[in-house]
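Inside the fold
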Amino acid sequence: GAVVSQHPSWVICKSGTSVKIECRSLDFQATTMFWYRQFPKQSLMLMATSNEGSKATYEQGVEKDKFLINHASLTLSTLTVTSAHPEDSSFYICSVIGRTFNYGYTFGSGTRLTVV
Amino acid sequence: LAKTTQPISMDSYEGQEVNITCSHNNIATNDYITWYQQFPSQGPRFIIQGYKTKVTNEVASLFIPADRKSSTLSLPRVSLSDTAVYYCLVGDNNNDMRFGAGTRLTVKP
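I will try to describe carefully the structure that is included in this document.

Here is what the cut-offs are and how they apply
- Residues numbered from 1 in each chain as written.
- Chains lettered and ligands numbered in written order.
- Predicted model: local features only at pLDDT ≥ 70, side-chain atom pairs only at ≥ 80, totals over all residues.
- Heavy atoms only, no water.
- Helix = DSSP H or I, 4+ residues; strand = E, 2+ residues; numbered from the N terminus.
- Rg over C-alpha atoms; globule rule 2.2 N^0.38 Å.
- Buried < 20%, exposed > 50% of the residue type's maximum accessible area, 1.4 Å probe, protein only.
- Contact = heavy atoms within 4.5 Å.
- Areas by Shrake-Rupley, 256 points an atom, 1.4 Å probe, with all protein chains shown as cover.
- Lys, Arg positive; Asp, Glu negative; His and termini not counted.
- Charge placed at Lys NZ, Arg CZ, Asp CG, Glu CD.
- Disulfide = S-S within 2.5 Å.
- Buried area = accessible area lost by both parts, 1.4 Å probe.
- Salt bridge = Lys/Arg side-chain N within 4 Å of Asp/Glu carboxyl O.
- Polar contact = N/O pair within 3.5 Å; in protein donor to acceptor, adjacent residues only side chain to side chain.
- Pairing = 2+ DSSP bridges.
- Axes fitted to C-alpha atoms, helices over the stretch in contact; angles between N-to-C directions.

**Overview of the overall build of chain A**
- Regarding its fold elements, chain A presents zero helices and 11 strands.
- Seen in sequence order, chain A has helices and strands lined up from the N terminus as β-β-β-β-β-β-β-β-β-β-β.
- A globule of 116 residues ought to have a C-alpha radius of gyration of about 13 Å, and chain A, at 13 Å, matches this closely.
- For chain A, the spread of C-alpha atoms along the three principal axes comes to 40 × 30 × 25 Å.
- Taking all 116 residues of chain A together, 52% fall into the buried category.
- Relative to all contacts within chain A whose residues are 6 or more apart in sequence, the contacts with residues 24 or more apart total 53%.
- Accessible surface computed for chain A: about 5500 Å², of which carbon and sulfur atoms make up 52%.
- Averaged over its 10 positive side-chain charges, chain A has a centre that lies 4 Å from the centre of its 8 negative ones.

Here is the structure:
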């Protein structure tokens, strides 16, 4: 399966600032990556599908101007939370489709965002 | 996309076998069934994947009946470290993966 690196693992920022989260596919050229958000005691919620070289596809209810996704290369997708607010505090996780479906989807280790 | 239904929670004791069943009545012909494990503050980790009948690896077995409308993840001789949330997902490599509620397994000493 693919190896996925997500950075940072945790970040604290002030309200109104922006935070960038990186998701790297280390050994696989990923044309598609996915971004999820997870609140405590809840399941993962798909936010958007990140496509290399084109605009991301956002799920209903996810503000595309607030959660900026850039997938400029086959190995890197970034999620930028703009003008962060405390309600944006959550666990953000990226995933990559594996080289073959025998390994399903590989997930990053997640980023814990706390907005104060 | 096929929707999945799992028990919200399960309790077990160390050394026991745990079976978690997932219902996916609307599974499509091209869909695979994949199970993930998630610990707190970590990304989900792949456990096992199957299409039909039985699949076994070093950590689990996956049983899929002929109609494929359900699947059962079997964890042999669980330990405290198996306490986690287990997700069943259904799809093919062309779909985004949408998570159900998952099953919170608690293994007690």
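Once the structure has been displayed, the description carries forward.
**Re the state of the cysteines**
Residue and element names in this part refer to chain A.
- Counted according to the given criterion, the structure contains two disulfides over all chains.
- Residue pairing for C23: its cysteine sulfur links by disulfide to C94, the two sulfurs lying 2.0 Å apart. With the S-S bond torsion at 80°, the cross-link from C23 to C94 turns out right-handed. On the criterion of sequence distance, the pair formed by C23 in strand β3 (residues 19-25) and C94 in strand β9 (residues 90-97) is long-range, its members being 71 residues apart. For the pair shown, C23 and C94 are each scored as buried.

**Some words on the interface of chain A and chain B**
- Taken residue by residue, the interface counts 23 residues in chain A and 22 residues in chain B.
- Around 1700 Å² of area is buried between chain A and chain B when both sides are counted, 52% of it from carbon and sulfur atoms.
- In this structure, the connection of chain A to chain B is made through one salt bridge.
- The tally of links between chain A and chain B comes to seven residue pairs in polar contact (both at pLDDT 80 or more).
- Taken together, the elements giving at least two residues each to the side of chain A that touches chain B come down to β4 (32-38), β5 (45-51), β9 and β10 (105-107) of chain A.

**Let's talk about the sheet that holds strand β8 (residues 84-91) of chain B**
All names here are of chain B.
- In space, the five strands of this open sheet follow the order β1-β9-β8-β3-β4, with mixed pairing throughout. Unpaired on one side and paired on the other, β1 (9-13) and β4 (45-50) mark the two borders of the sheet. For this sheet, the mean inter-axis angle between neighbouring strands, taken without regard to orientation, is 25°.
- Taken together, the three bridges between β8 and strand β9 (residues 103-108) define a ladder with antiparallel strand orientation.

**Observations regarding the environment of A:S77**
Residues and elements named next belong to chain A.
- Looking at the element boundaries, S77 is found in strand β8 (residues 76-81).
- Between the C-alpha atoms of S77 and G104, which are 27 residues apart in sequence, the distance is 19 Å.
- Ignoring anything within four residues of it in the chain, the contact list for S77 reads I21, E22, C23, M33, W35, S50, I69, N70 and H71.
- There is a polar contact of 2.9 Å between the side chain of S77 and the side chain of S50.

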